[in-house]
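Okay, here's what each chain looks like letter by letter:
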Amino acid sequence: MSAAAHILVVDDNDALRENIAEALELEGYQVAAEASGAAALARLADDPLPRVVIADLMMPGIDGRELLGRIRGDPRLEGVRVVITTGASGVRSTLPTADGVLTKPFGVKDLLAILRKVGLDPGAA
């Protein structure tokens, strides 16, 4: 039996997605990863749901902004927190429903700090 994914990492950059996932796993989180917004939505259609989605703002197809909108528009996903990552500065005000925004480049300390801000501690069930 596999444990539920508590964090879903969504980024079209393979290396960055894998680095974020690995860093989170080393901190005790259970992590799933997807390379696109469409794949993330497919995963979100099934239970168990992650507690947090970390999504890149700029992705082909369904980008982070659209993914955020679809999550917020689905009552079944109302408890899922969303953190957007971006290389652009000043986008926080354009993403009012995001629970957090991480500006790239960011480090593990920044990542862990924003997860604590949205209410998720390492190993939390």
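Here is a short report on the structure shown in this document. (Residues numbered from 1 in each chain as written. Predicted model: local features only at pLDDT ≥ 70, side-chain atom pairs only at ≥ 80, totals over all residues. Heavy atoms only, no water.)

If you tally the helices and strands in the protein chain, you get four helices and five strands. Listing the helices and strands of the protein chain from first to last along the sequence gives β-α-β-α-β-α-β-β-α. A globule of 125 residues ought to have a C-alpha radius of gyration of about 14 Å, and the protein chain, at 13 Å, matches this closely. In terms of principal-axis extent, the alpha carbons of the protein chain reach across some 40 × 30 × 25 Å. Counting all 125 residues of the protein chain, 42% fall into the buried class. Sequence-distant contacts, at least 24 apart, represent 63% of the contacts inside the protein chain between residues at least 6 apart. (Helix = DSSP H or I, 4+ residues; strand = E, 2+ residues; numbered from the N terminus. Rg over C-alpha atoms; globule rule 2.2 N^0.38 Å. Buried < 20%, exposed > 50% of the residue type's maximum accessible area, 1.4 Å probe, protein only. Contact = heavy atoms within 4.5 Å.)

Position of Arg17 relative to the elements: it lies in helix H1 (residues 14-26). Polar contacts involving the side chain of Arg17 include one to the main-chain carbonyl oxygen of Asp11, which spans 2.6 Å. If near-sequence neighbours (up to four positions away) are discounted, Arg17 is found in contact with Val9, Asp11, Asp12, Ala33, Glu34 and Ala35. (Polar contact = N/O pair within 3.5 Å; in protein donor to acceptor, adjacent residues only side chain to side chain.)

Bringing the side chain of His6 into the picture now. Following the sequence through the fold, His6 ends up in the segment before strand E1 (7-10). When its relative accessible area of 13% is taken as the criterion, His6 is described as buried. Among the polar contacts made by the side chain of His6, one reaches the side chain of Gln30 at a distance of 3.1 Å.

Attention now goes to helix H4 (residues 108-117). Among the residues of H4, Leu111, Leu112, Ile114 and Leu115 are the ones counted as buried. Projection of H4 onto a plane perpendicular to its axis shows the buried side chains occupying an angular sector of 160°, all on one side. Turned more than 90 degrees from where H4 packs its buried face, Lys109 and Lys117 sit exposed. Those residues of H4 hidden inside the fold are in contact with E1, H1, strand E3 (52-56), strand E4 (81-86) and strand E5 (100-103). Just downstream of H4 lies Gly119, where phi reads positive at about 95°. (Arc of directions from axis to C-beta.)

Omega for the bond connecting Lys104 with Pro105 falls within 30 degrees of zero, at -5°, which places this linkage in the cis form. Its location among the elements puts Pro105 in the loop between E5 and H4.

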